[in-house]
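A structural walkthrough
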Amino acid sequence: MAVGVFDLFSIGIGPSSSHTVGPMRAAAVFAEELKSLGKLADAASLRVDLYGSLAATGHGHGTMTAILLGLEGFHPELILPEEVEERLAAIADTGMLQLAGAVPLPYGVKDMVLCPLTILPRHTNGMTFTVSDADGDALHSATFFSVGGGFIVRDGEEDAAQRELEESKKELPLPFRTAAELLEHCRKTSLSISEVMRINEEDSRSEEEIREGLLQIYSVMEGCVQVSLKREGLLPGGLKVRRRAPDWHERLLKEDKDRDPKYWQEWVNLIALAVNEENASGGRVVTAPTNGAAGIIPAVLYYALHFAPGMENATQEDRDDVVVKFLLTAAAIGVLYKEQASISGAEVGCQGEVGSASSMAAAGLAEVMGGTPAQVENAAEIAMEHNLGLTCDPIGGLVQIPCIERNAIAAAKAINAAKMALWGDGSHRVSLDEVIVTMRETGKDMSSKYKETAMGGLAVNVVEC
């Protein structure tokens, strides 16, 4: 199946799509396989090996606890925050894991084998699950890679998965892998970028289902903000980072009672911080396209709905139209990054997470503000060009510093990129495809110290306590 809008925007729990959502998903798949093979009843012991970045920063990213939940059969898009707390407390108290929700095994976080210096060939985010019987013979074993944005790939199936992806793209009405191909579709059909993406999505869903699904995605984004604004105090993890969103919201309500346009950036900052503070605490968020960058698209979409010209007297249907068009456009740009480069911080640094999200958001805003396909592509290019080389070096392996503020900064960049593109005619010297290739090559050249390993940058130069 080709990458679609609901792959890039999926509901999960924080703090990381690659280190929390992906590993939980992989563990759940493994548990289901064990059950479907009829080997669950014979399970007597479990071994989980974590490699590379998962092992190096897993504790700060909630990797180990996410895997425990996945092994119990929970999926990131379905589990509720209260279920997370309940099950993790039960495992910690009893020392027992309910494998696939049925077989009790003595297992916990401390039993996982961490290999931070071992990098498997496919990707730095590798994990191997092995279940054995009472005699110690392996019943089932599988290795997975969490490749960013909650996407997982099974070891040994990369070539088959890639072939399936290529075949599915051929079947789409308007397939594209590059921005040049996307723009050519727009030129030939006189369609906008969001319309091209919608037509491809209609290959597997009705227009009504697409609209309903995207509005549901946005409602989760809104819900994430509302929950975050009610939670005060310190974020978990030991850095003693104080939640700022509730206080900022209270101040904004006092200072900006009439939604004065001069406060647009304060509101954008607020939304970005609120989402990422909730993500940092393990709350329910939308990967957009990752958890570490989850606040950018909601913040820029908030700007589109509240501060873009023409929205003053918009009806609810008008607002819903903006949400759908924005997310479809952003997803089309997200496909380009997923196809040509990476959205994994552990693979290409934060330019692949925050940079991609900023680029996607800039495109979405440019489209809903009336931009041509060429202007939309230009907006996406500008945003990424000025996120090139961004490292991923969070302090303590926690998605807090600099991640939370970085989302707010990148949201403002996206808005400025869209405005700059709309003041032009769409022609520009550097293409989006060239910038995406540059991002990919920059990520390859970037030292592993700056790719979510907690071995360089802020992670080593700032004292944690």
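Here's what I pulled together on the structure shown here. What you see is a predicted model; the values in this text were computed from it and never measured.

A few points about the overall build of the protein chain
Within the protein chain one finds 19 helices and nine strands. A principal-axis box enclosing the C-alpha atoms of the protein chain has dimensions of 70 × 55 × 45 Å. The burial tally for the protein chain puts 58% of its 465 residues in the buried class. For the protein chain, the exposed area adds up to about 19000 Å²; of that, 51% sits on carbon and sulfur atoms. Computing the positive centroid from 40 side-chain charges and the negative centroid from 66, the protein chain places the two 4 Å apart.

Side note on the pairing of strand β4 (residues 103–106)
Every second residue of β4 is oriented toward a common face, the buried set being V103 and L105 and the non-buried set P104 and P106. Here strand β3 (residues 96–99) runs beside β4; their pairing, made up of four bridges, is antiparallel. Bridge pairing links L99 to V103 in β4. In sequence, β3 turns back onto β4 through a hairpin of three residues, with A100 there showing a positive phi of about 55°.

A few points about the side chain of Q340
With respect to the helices and strands, Q340 occurs in helix α13 (residues 316–340). Classification of Q340 by relative accessible area gives buried; the value is 8%. A polar contact of 3.0 Å, which involves the side chain of Q340, links it to the side chain of D433. Filtering out sequence-adjacent residues up to four positions away, Q340 remains in contact with R177, T178, A179, D433, I436, V437 and R440.

Overview of the environment of P394
Note that P394 resides in the loop between α16 (373–385) and α17 (403–422). As for P394 and A43, which are separated by 351 residues in sequence, their C-alpha atoms are 38 Å apart. Contact partners of P394, with chain neighbours within four places excluded, come to H61, I401, P402, C403 and A459.

Basis of the calculations
- Residues numbered from 1 in each chain as written.
- Predicted model: local features only at pLDDT ≥ 70, side-chain atom pairs only at ≥ 80, totals over all residues.
- Heavy atoms only, no water.
- Helix = DSSP H or I, 4+ residues; strand = E, 2+ residues; numbered from the N terminus.
- Buried < 20%, exposed > 50% of the residue type's maximum accessible area, 1.4 Å probe, protein only.
- Areas by Shrake-Rupley, 256 points an atom, 1.4 Å probe, with all protein chains shown as cover.
- Lys, Arg positive; Asp, Glu negative; His and termini not counted.
- Charge placed at Lys NZ, Arg CZ, Asp CG, Glu CD.
- Pairing = 2+ DSSP bridges.
- Polar contact = N/O pair within 3.5 Å; in protein donor to acceptor, adjacent residues only side chain to side chain.
- Contact = heavy atoms within 4.5 Å.

Distances and angles like these do not, on their own, reveal function.
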